[in-house]
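Fold and contact review
Listed below are the residues making up each chain.
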Amino acid sequence: MRCFKFVTLGCKLNQCESDELAGRLTEHTWRSCEPGEAADLVVVNTCTVTEKAAMQSRQAIRRAVRENPGAFVVVTGCHAETDAQAVLAIPGVGAVADRTAKVHLAEIVAQLGAPTHQGPFHFRGDGEISFPAPSKARDPFAGRTRAHFKIQDGCDAFCSYCIVPYARGPSRSRRAEEVLEGIRLLSGLGFREVVLTGVHIGRYGLDLSPPRSLSGLLRKILGLSLPLRIRLSSIEPLELTDEILDLTQEAYGRICPHFHIPLQSGDAGVLERMRRPYRPKDFARVVGAIHDRLPDVAIGADVLVGFPGETEAAFENTFRLIDGLPLSYLHVFPFSPRPGTAAFGFPERIAPEAIRARCERLRILGRQKRLSFHRRFLGREVEVLTETSRDPQSGLLRGISGNYLRVRFSGEDSWMNRFLRVRITGTGERLLEGKGVALQEGEPENALSQPGPPRKS
Ligand code: SF4
């Protein structure tokens, strides 16, 4: 049986799509290569969110060609979408698949028969876009406790710095029935956490007929009463509605008290030029409301530094806003102009050394925020989902709490892929140390509590 490898760059959505494609390939007489085995097919799932990501995607393609002599190399993902000709020009590329064709990649490759060096081909899909469900034939996520599940793709927002709407097209949602079926299947495969992913999940359901909402979908998922918890991937500040917060409060622990919210800038003028639909005070209000209702919640934010026209004063506005908010961590990105976006032509570009210095200041602030968030849990119990592999350095078990604390602790293999109450005994910037106190069966309970007697061991 022929074997395949995946090389995936970029976001969780890409990882999710690669997992789904791998699952579908196994339904067409393919299998995943063993470590060190020569691949017959390599799929490179690319990213283009920044100029650097596009460059890294091209490097990964060249490496895939070089390291897999004789393999048929198919390139898909955002960089293949926005710059197909550049990708097709890379020697050794067998095919480029656009966003419509890639969901049918397994069938297309199957039709090609034996891997071939004819081409390169440019697979372009036609007709309705469909979303494959996770494969029943094989567990494409083998060895994991947490699965990513795509509920939505595409974006209509056209922020001035972002290539994604051009690369992925308009927002399209997966039908609720398909989502429920997929999540049931993942639960049956043993997953204990499902991360709902998409490009713009706050717009979930608005394109369906009749329109649906993310909170409605969450309610339906909770209605399945499965022994897993749900985490939301990144959600826009104005789309984190009261209904979603109500549900997170009602189903605390079954919906993870963890929100990742793109801020991008804390300066009103910069946000306007970014074409972001909120102002700093709106962001502060949303973060404050979440924190008031869910005090142990983890709130992360993306920040884009050095947007054209970001003066020192504008940057200080961003710094001050973040400094004053109860955020748990930051993801800091330097701005890089993407050809094809509106911001590519904006004047008043910021010098690279100024961008680097600003990024560094924010990263230091982000580390301080993470550490002080961690310290709040010292001596308390948290519920973690234990991973199926041990920490390679220490050999300890490791797990993640609903509010995104990464904890290491000693314990038996039989604790893997289970919900476990852990008392926090030490904190660091990245990791916390703990001691397992009680295993928990069935559905996750409240993710956090004060110390109490073990219920079951
Ligand atoms: S919301 Fe803005 S930044 Fe996010 S994918 Fe859409 S256009 Fe890009």
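We now examine the overall build of the chain. Looking only at helices and strands, one finds 13 helices and 20 strands in the chain. In the chain, which comprises 457 residues, the proportion classed as buried is 46%. Partitioning the intrachain contacts of the chain with sequence separation of at least 6 by distance along the chain shows that 74% fall at a separation of at least 24.

Ordered in space as 12-13-14, the three strands form an open sheet in which the pairing is parallel. With partners counted over all chains shown, the strands left at the sheet margins are strand 12 (258-264) and strand 14 (329-334), one partner each. Averaged over all pairs of adjacent strands, the angle between strand axes in this sheet comes to 20 degrees, irrespective of strand direction. The sheet contact formed by strand 12 and strand 13 (residues 298-305) spans six bridges and is parallel. For glutamine 264, the partnering residue across the bridge sits in strand 13 and is valine 303.

Another point: helix 2 (residues 51-67). The end-to-end C-alpha separation of helix 2 is 24 Å, in line with the 24 Å expected for 17 residues at 1.5 Å each. If you check which residues of helix 2 are buried, you get Ala54, Ser57, Ile61 and Ala64. Seen end-on, helix 2 carries its buried residues on one side only, within an arc spanning 80 degrees. Within helix 2, the exposed residues directed more than 90 degrees away from the buried face are Gln59 and Arg66. At its buried positions, helix 2 is contacted by strand 1 (2-8), strand 3 (41-46), strand 4 (72-77), helix 3 (78-82), helix 4 (84-88) and strand 5 (93-97).

It is worth spelling out the sheet that holds strand 7 (residues 146-150) at this point. Judged by pairing direction, the sheet is parallel, and its three strands sit side by side in the order 7-10-11 without closing on themselves. With partners counted over all chains shown, the strands left at the sheet margins are strand 7 and strand 11 (229-232), one partner each. On average, each strand axis in the sheet is tilted by 30 degrees relative to the strand beside it, whichever way the strands run. As judged from the five bridges shared by strand 7 and strand 10 (residues 193-197), these two strands associate in the parallel manner. In the sheet register, phenylalanine 149 faces strand 10, and the bridge partner there is leucine 196.

The end-to-end C-alpha separation of helix 11 (residues 280-293) is 20 Å, in line with the 20 Å expected for 14 residues at 1.5 Å each. Taken together, the buried positions of helix 11 are occupied by Pro280, Phe283, Val286, Val287 and Ile290. Buried residues of helix 11 fall within an arc of 130 degrees about the axis and therefore sit on the same side. Facing away from the buried side of helix 11 by over 90 degrees, the exposed positions are Lys281, Gly288 and Asp292. The inward-facing, buried residues of helix 11 contact helix 9 (242-250), strand 12, helix 10 (268-274), strand 13 and helix 12 (312-323).

Turning our eyes to something else, we now look at the pairing of strand 14. Both strand 13 and strand 14 contribute to a ladder of six bridges, which runs parallel. Across the sheet, the residue bridging to leucine 304 is phenylalanine 333, located in strand 14. Chirality of the crossover, the property in question, places the unit of strand 13, helix 12 and strand 14 among those that are right-handed.

Our next topic: the site of the ligand. Taken together, Cys155, Ala157, Phe158, Cys159, Cys162, Val164, Pro165, Val199 and His200 make up the full set of residues near the ligand. Among the residues forming the shell around the ligand, the class breakdown is eight nonpolar, one polar and no charged.

The subject of this paragraph is the nonpolar core. Generally speaking, a soluble globular protein has its nonpolar side chains buried in company with each other. Formed by 83 residues in total, the largest nonpolar core has its most connected members in Phe149, Val164, Val194, Leu218, Phe259, Ile299 and Val407. It is strand 13 that provides the largest number of residues to this core, a total of six residues. Sequence-distant contacts of valine 407, defined by excluding residues within four places in its chain, comprise Val382, Val384, Arg398, Gly399, Ser401, Val422, Ile424, Leu432 and Gly434. If you look at the next biggest cluster of nonpolar residues, it comprises 26 residues, including Leu25, Trp30, Val42 and Val43.

Each value, and the rule that gives it
Residues numbered from 1 in each chain as written. Predicted model: local features only at pLDDT ≥ 70, side-chain atom pairs only at ≥ 80, totals over all residues. Helix = DSSP H or I, 4+ residues; strand = E, 2+ residues; numbered from the N terminus. Buried ≥ 20, exposed ≤ 12 C-beta atoms within 10 Å, placed from the backbone. Contact = placed C-beta atoms within 7 Å. Pairing = 2+ DSSP bridges. Axes fitted to C-alpha atoms, helices over the stretch in contact; angles between N-to-C directions. Expected span 1.5 Å × (residues − 1). Arc of directions from axis to C-beta. Right-handed = clockwise from strand over helix to strand, strands pointing away. Near = placed C-beta within 6 Å. Nonpolar A, V, L, I, M, F, W, Y, C, P; charged D, E, K, R; others polar. Core = buried A, V, L, I, M, F, W, Y, C linked by C-beta atoms within 7 Å.

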